[in-house]
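So you can see what is in the structure, the chains are spelled out below.
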Amino acid sequence: MGDFGAAVSQKGYDVKTCADRFLVYSSAFQTLKVFNTYSVSTTIPATTSTASFTVDASTNVFTSVGHGLSNGQVLNFTSSDTLPSPLLEYPDAYYYVISATTDTFKVSLTAGGTEIDITDAGVGTHDWYQDTNGIQIDHNLGYLAPFFIVYTGSTTAGRTKSYFFTVENDTIPCFQYNNSMHIFVDDLFDSSNSSAGDTVYFTVYQFLDDFSTISAQNINTELTSGSSSTDYGLRISKAGYDVKTCADIDCVLSSSFFNQIVHMKGIALSSTVAHNLGYIPNFIAYEHIATISGLRYNASFISADTTNINFAWGGNNYYIIFKDKING
Amino acid sequence: MGDYGFRISKAGVDVKTGADKDMIITSKYPNLKGSLSGFGTKTVISGDTDIIAIAHGLGYTPFVKTFINPIDSIDFPNVYNQMPFYSDGPTDHLYTFSYADATNVYISIFQWNSSSISGDNRTYNYKYFIFIDKGKL
């Protein structure tokens with residue numbers, strides 16, 4: 001049976017015969033939709049503090065006499081042995097101070113959020129560190145969704161460049177939860193180019209799509225097509241923009257530009273996901289940290305070849321594989 | 001006022017009532033729009049940082065996505081990795097990331113290896129996608 005629906009090819013490709021990856025749009029494949037973009041900033045901490053603490057698992061109360069902390073400040077933890085459960089050691093999680101008094105506090109994964117339910121006191125000596133400022137974006141989607149972060153500079157470095165998920169030679173600490181995403185900036189952030197007290201700036205792309213499974217399907221694989229010099233196509237503008245005159249950047253979709261068409265997506269239960277494309281595809285993936293029910297971008301832990309995408313370790317990692325080819 | 005626009009749902013989802021996230025496309029939420037993509041190969045001497053510059057012609061700082069493939073590394077497999085990719089093996093060390101300004105996209109590759117058998121050079125394939133969407137809003 002024929003493939004009913006609608007499709008738009010990239011400029012120069014025959015929509016009837018081109019390979020799937022040369023389509024701008026097809027009703028057979030989902031695309032990645034931008035829910036919102038954010039321009040956010042915070043400062044590189046100029047002062048830091050640290051002290052030891054104990055915790056009462058029956059009340060979730062942390063005790064650290066004269067801690068000097070305020071609600072909303074960001075902490076990370078280390079231990080000489082084992083932290084109180086379910087706390088994770090730096091850099092696997094960051095926590096916000098809530099319910100602070102002179103000598104006690106509680107913690108949450110979000111500013112002003114629900115307190116972490118501590119289930120035991122841990123073993124050994126535990127320390128908190130306040131050397132990080134956090135940015136919290138409340139997208140309120142209610143599920144884990146993909147995101148991109150771009151670092152765009154600082155007071156000292158200037159704002160002429162953008163870096164994808166990185167500041168030079170270090171990945172930006174960032175986490176996605178069901179209703180919010182977070183960026184963390186510590187006192188050593190971009191230390192080669194920036195200074196304590198600097199304002200640091202980020203662009204965030206928050207996508208609407210979730211990671212519910214889309215299984216791989218193909219219509220045309222790895223075929224080339226005839227060329228066309230005529231610019232026929234499809235153009236859809238954003239609300240409030242005249243589709244005939246608006247800039248390309250103000251389009252929802254335009255056949256003048258290639259699109260990231262989704263080949264398959266989901267949650268990987270094992271350390272490999274077969275994509276069956278026969279070439280190496282564009283992909284985005286996130287490490288799922290079960291203890292905090294969140295996602296973290298960790299490029300060193302995922303790779304792709306002509307058969308699979310591969311995770312360094314298994315366990316509910318979230319992925320989207322696109323039709324685009326990256327090996328050539 | 002009603003919500004005017006364009007909406008196409010996934011198979012099995014009612015286009016009138018389905019959630020926005022279950023749409024193939026909706027005029028309510030834009031797609032990232034790819035302007036330019038490319039592929040290349042670079043050999044880097046141990047201890048060097050090589051920066052590949054790719055002109056994008058957009059006149060503003062775009063959003064960029066890149067991948068790296070170590071072809072002949074002793075420690076890293078011959079697969080493609082999202083950038084930024086920072087990894088230290090027993091012999092090979094690779095720190096690579098990408099960035100952009102209003103003129104170019106840059107791919108920075110620093111490698112250092114302590115191998116005295118296979119020499120000081122390592123070769124990498126790289127792939128880039130440049131979007132007309134802005135990297136700096």
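Given the structure is predicted, the values throughout are model-derived calculations rather than measurements.

Caption draft 1: Just the overall build of chain B, in detail. Each helix and strand counted, chain B has 0 helices and 10 strands in total. Its helices and strands in sequence order give chain B the pattern β-β-β-β-β-β-β-β-β-β, from N to C terminus. Here chain B has a C-alpha radius of gyration of 20 Å; the compact-globule value for 137 residues is 14 Å, and the former is much larger. If one aligns the C-alpha atoms of chain B with their principal axes, the spans along those axes are about 70 × 35 × 20 Å.

Caption draft 2: Geometry of the side chain of His288(A). Structurally, His288(A) can be placed in strand 22 (residues 281-289). Not counting residues up to four positions away in its chain, the partners in contact with His288(A) are Leu144(A), Ser293(A), Gly294(A), Leu295(A), Gly315(A), Asn316(A), Asn317(A) and Tyr318(A).

Caption draft 3: Structural view of empty space enclosed by the protein. With the rule as written, the count across this model stands at 2 cavities of 30 Å³ or more. There is about 30 Å³ of room inside the second largest cavity. Lining the second largest cavity, in full, are Val150(A), Ser162(A), Tyr163(A), Phe164(A), Pro62(B), Val64(B), Tyr99(B) and Ala100(B). Secondary structure elements with two or more residues in the lining of the second largest cavity: strand 11 (162-164) of chain A together with strand 5 (62-70) and strand 8 (92-100) of chain B. Looking at which element gives the most residues to the lining of the second largest cavity, the answer is strand 11 of chain A, with 3 residues. For the lining of the second largest cavity, a count of residues per class yields 7 nonpolar, 1 polar and no charged.

Caption draft 4: Broad picture of the pairing of strand 7 (residues 95-98) of chain A. Residue and element names in this part refer to chain A. Every second residue of strand 7 is oriented toward a common face, with Tyr95 and Val97 on one face and Tyr96 and Ile98 on the other, all of them buried. One ladder, built from 2 bridges, connects strand 6 (residues 74-79) with strand 7; its direction is antiparallel. Note that in strand 7 the partner of Leu75 across the bridge is Tyr95. Between strand 7 and strand 8 (residues 104-108), which pair antiparallel one after the other, the connecting turn spans 5 residues, and Ser99 there sits at a positive phi close to 55 degrees.

Caption draft 5: View of the layout of surface pockets. All names here are of chain A. Here the largest pocket defines a volume of roughly 640 Å³. At the level of elements, strand 13 (170-171), strand 14 (174-176) and strand 15 (180-186) are the ones that each hand at least two residues to the lining of the largest pocket. Of the residues assigned to the lining of the largest pocket, the class counts are 15 nonpolar, 8 polar and 5 charged.

Caption draft 6: Main features of the nonpolar core. Counting residues in hydrophobic clusters, the biggest one holds 66 residues, and the most contacted among them are Phe148(A), Ile149(A) and Phe202(A). Among all residues touching Phe148(A), those that are not within four sequence positions of it are Phe164(A), Phe165(A), Thr203(A), Val204(A), Tyr205(A), Phe207(A), Ile284(A), Tyr286(A), Leu32(B), Phe63(B) and Lys65(B). Core analysis: the second largest hydrophobic core is formed by 26 residues, Phe53(A), Val74(A), Tyr96(A) and Ile116(A) among them.

Caption draft 7: Molecular detail of the environment of Thr152(A). Inspection of the secondary structure puts Thr152(A) in strand 10 (residues 147-154). Not counting residues within four places of it along the chain, the set of residues in contact with Thr152(A) comprises Gly158(A), Arg159(A), Thr160(A), Lys161(A), Ser162(A), Tyr201(A), Phe202(A), Thr203(A), Gly135(B) and Lys136(B). Within polar-contact distance, the side chain of Thr152(A) engages the side chain of Arg159(A) at 3.2 Å.

Caption draft 8: Expanded view of the confidence of the model for chain A. When pLDDT is averaged along chain A, the result is 89, and 94% of the positions lie at 70 or above. Segment residues 222-229 of chain A: pLDDT under 50, and 19 contacts once partners within four positions in sequence are set aside and those in other chains are kept.

Caption draft 9: The arrangement of the interface of chain B and chain A in detail. Every contact between the two is made by 53 residues of chain B and, on the other side, 66 residues of chain A. Note on chain B versus chain A: buried area summed over both sides is about 5200 Å², and carbon and sulfur give 62% of it. The largest contributions to the chain B side of the interface with chain A come from Lys21(B), Ile24(B) and Gln82(B), which together make up 14% of the buried area. Looking at the side of chain B that touches chain A, the elements with two or more residues in it are strand 2 (23-26), strand 3 (33-45), strand 5, strand 6 (80-82), strand 7 (85-88), strand 8 and strand 10 (121-134) of chain B. Here the side of chain B that touches chain A gets 7 residues from one element, more than from any other, and that element is strand 10 of chain B. Of the residues assigned to the side of chain B that touches chain A, the class counts are 31 nonpolar, 11 polar and 11 charged.

Caption draft 10: The sheet that holds strand 6 of chain B, seen in detail. Pairing within the open sheet is antiparallel, and its 8 strands lie in the order 19(A)-3(B)-10(B)-5(B)-6(B)-24(A)-25(A)-21(A). Looking at strand neighbours, the two that pair on one side only are strand 19 (258-259) and strand 21 (272-274) of chain A, the edges of this open sheet. By the bridge criterion, 8 bridges tie strand 5 of chain B to strand 10 of chain B in an arrangement that is antiparallel. Counterpart to Lys65(B) in the pairing with strand 10 of chain B is Phe129(B).

Caption draft 11: Spotlight on the pattern of salt bridges. The full count for this structure, using the stated rule, is 14 salt bridges over all chains. With a closest N to O distance of 3.2 Å, Arg296(A) and Glu287(A) form a salt bridge. The shortest N-O distance in the salt bridge between Lys16(B) and Asp14(B) comes to 3.4 Å. You can call Lys16(B) exposed: its relative accessible area is 68%. A relative accessible area of 36% places Asp14(B) in the partly exposed class. Residues joined in a network through salt bridges with shared partners are Asp210(A), Lys265(A), Lys21(B) and Asp22(B).

Caption draft 12: Broad picture of the environment of Ile249(A). Within the secondary structure, Ile249(A) sits in the loop between strand 17 (235-237) and strand 18 (251-254). Its relative accessible area of 21% is what places Ile249(A) among the partly exposed residues. Along the backbone, Ile249(A) and Ser237(A) are 12 residues apart, and their C-alpha atoms lie at a distance of 9.1 Å. With residues near it in sequence (within four places) discarded, Ile249(A) still touches Lys238(A), Lys33(B), Tyr60(B), Ile132(B), Asp133(B) and Lys134(B).

Caption draft 13: Layout of unusual backbone geometry. Residue and element names in this part refer to chain A. The amide bond that connects Ser85 to the next residue, Pro86, takes the cis arrangement and shows omega of 10 degrees. The phi angle at Ser99 is positive, at roughly 55 degrees, despite the residue not being glycine. In this structure Ser99 comes out as partly exposed when scored by relative accessible area, which is 42%.

What counts and how
Residues numbered from 1 in each chain as written. Chains lettered and ligands numbered in written order. Predicted model: local features only at pLDDT ≥ 70, side-chain atom pairs only at ≥ 80, totals over all residues. Heavy atoms only, no water. Helix = DSSP H or I, 4+ residues; strand = E, 2+ residues; numbered from the N terminus. Rg over C-alpha atoms; globule rule 2.2 N^0.38 Å. Contact = heavy atoms within 4.5 Å. 1 Å grid on protein atoms, 1.4 Å probe; cavity = no way out; pocket = protein on both sides within 12 Å on 5 of 7 lines; lining within 4 Å. Points joined across faces, edges and corners; volume = space filled by probe spheres on them. Nonpolar A, V, L, I, M, F, W, Y, C, P; charged D, E, K, R; others polar. Buried < 20%, exposed > 50% of the residue type's maximum accessible area, 1.4 Å probe, protein only. Pairing = 2+ DSSP bridges. Core = buried A, V, L, I, M, F, W, Y, C linked by side-chain atoms within 4.5 Å. Polar contact = N/O pair within 3.5 Å; in protein donor to acceptor, adjacent residues only side chain to side chain. pLDDT = per-residue confidence, 0-100. Buried area = accessible area lost by both parts, 1.4 Å probe. Salt bridge = Lys/Arg side-chain N within 4 Å of Asp/Glu carboxyl O.

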